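Chain by chain, the residues run as shown.
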Amino acid sequence: MGIIVHKDAFKGSKLQGISSPLAGVEAGGFANCPNLKVVHFLGNEVYIGAYAFASSVKLEALDFSNVKNRVVVGPRAFDNTNLKALNVPQGVSLLLDDEALYGMREVESIDLSAEYIGVRALMQLPNLKEATVRLVKPAGNSGVEVDPQAMFIDCRKLEKAKLEGFDKLAASTFKNCE
């Protein structure tokens, strides 16, 4: 089992990395950590709270390879970071809260499976070039919840989008994508 980082535990610290795998990061746990580069997660279900890594400007990699089932991502968890990619292994599903990935200004590619995509969860990703999003039905649930306003608005560099499991898309899905 990984470690749970409590609310604001390392907020503003000069921490460069953490060698122990994490099972969760509560709100603001690593916010404003200017030297943090890589984080490893471990567990059946991992929780990443609101603004957990916000403004940790050197954050460049998240390792979900030891997560077995699900990752829950709170609002703006990675806002204003330098993450170039968000890749979650197949078999691990995401629950993206409202505005979960909003503000990941440097991300160029995402590859994920999701059980839930909240309002504006995949917006304001100005450098996103390639996206693969698979909707997966959680066990015992009749359907996947996706907010029709949630997808790719203002992703101005988006060149390729592979969307699997979607029944329909809102008219605004690719609004302001050039």
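Anyway, here's the lowdown on the structure attached to this text. This structure is a prediction, so every number in the text was calculated from the model and none was measured.

1. Side note on the overall build of the protein
For step 1, the next point in the chain: Per the secondary structure count, the protein includes zero helices and ten strands.
For step 2, the next point in the chain: Ordered by position from N to C terminus, the α and β elements of the protein give β-β-β-β-β-β-β-β-β-β.
For step 3, the next point in the chain: Relative to a compact globule of 178 residues, whose C-alpha radius of gyration would be 16 Å, the protein shows 15 Å and is just as compact.
For step 4, the next point in the chain: Overall size of the protein, expressed as C-alpha extent along the three principal axes, is 45 × 40 × 20 Å.
For step 5, the next point in the chain: Within the span of the protein, comprising 178 residues, buried residues form 46% of the whole.
For step 6, the next point in the chain: Restricting the contact set of the protein to residue pairs at least 6 apart, pairs at least 24 apart contribute 38%.
For step 7, the next point in the chain: Carbon and sulfur atoms make up 46% of the accessible area of the protein, which amounts to about 8400 Å² in all.

2. Description of the pairing of strand β3 (residues 38–48)
For step 1, the next point in the chain: Judged from the three bridges that link them, strand β2 (residues 22–25) and β3 form a sheet pairing that is parallel. Bridge pairing links G24 to Y47 in β3.
For step 2, the next point in the chain: Judged from the nine bridges that link them, β3 and strand β4 (residues 61–73) form a sheet pairing that is parallel. Looking at β4, one finds that I48 is bridged to V73.

3. A short note on the nonpolar core
Grouped burial of nonpolar side chains is what soluble globular proteins tend to show.
For step 1, the next point in the chain: Among the nonpolar cores identified, the biggest contains 47 residues, and F41, I48, F53, F78, L101, I110 and F152 are the most heavily contacted of them.
For step 2, the next point in the chain: Broken down by secondary-structure element, the contributors of at least two residues to this core are β2, β3, β4, β6 (93–96), β7 (109–117) and β8 (130–135).
For step 3, the next point in the chain: Here the element with the most residues in this core is β4; it accounts for five residues.

4. Quick word on the pattern of salt bridges
For step 1, the next point in the chain: In total, this model carries ten salt bridges according to the counting rule given.
For step 2, the next point in the chain: As a salt-bridge pair, D79 and R76 come within 3.8 Å of each other at their nearest N and O atoms. Taken as a pair, D79 and R76 share a single burial class, namely buried.
For step 3, the next point in the chain: The partner of R76 in a salt bridge is E99, and the shortest N-O contact between them spans 2.9 Å.

5. Topic: the side chain of R134
For step 1, the next point in the chain: Along the chain, R134 falls in strand β8.
For step 2, the next point in the chain: Apart from the residues lying within four places of it in its own chain, the contact partners of R134 are V88, Q90, D111, L112, S113, A114 and E164.

So, how was this worked out
- Residues numbered from 1 in each chain as written.
- Predicted model: local features only at pLDDT ≥ 70, side-chain atom pairs only at ≥ 80, totals over all residues.
- Heavy atoms only, no water.
- Helix = DSSP H or I, 4+ residues; strand = E, 2+ residues; numbered from the N terminus.
- Rg over C-alpha atoms; globule rule 2.2 N^0.38 Å.
- Buried < 20%, exposed > 50% of the residue type's maximum accessible area, 1.4 Å probe, protein only.
- Contact = heavy atoms within 4.5 Å.
- Areas by Shrake-Rupley, 256 points an atom, 1.4 Å probe, with all protein chains shown as cover.
- Pairing = 2+ DSSP bridges.
- Core = buried A, V, L, I, M, F, W, Y, C linked by side-chain atoms within 4.5 Å.
- Salt bridge = Lys/Arg side-chain N within 4 Å of Asp/Glu carboxyl O.

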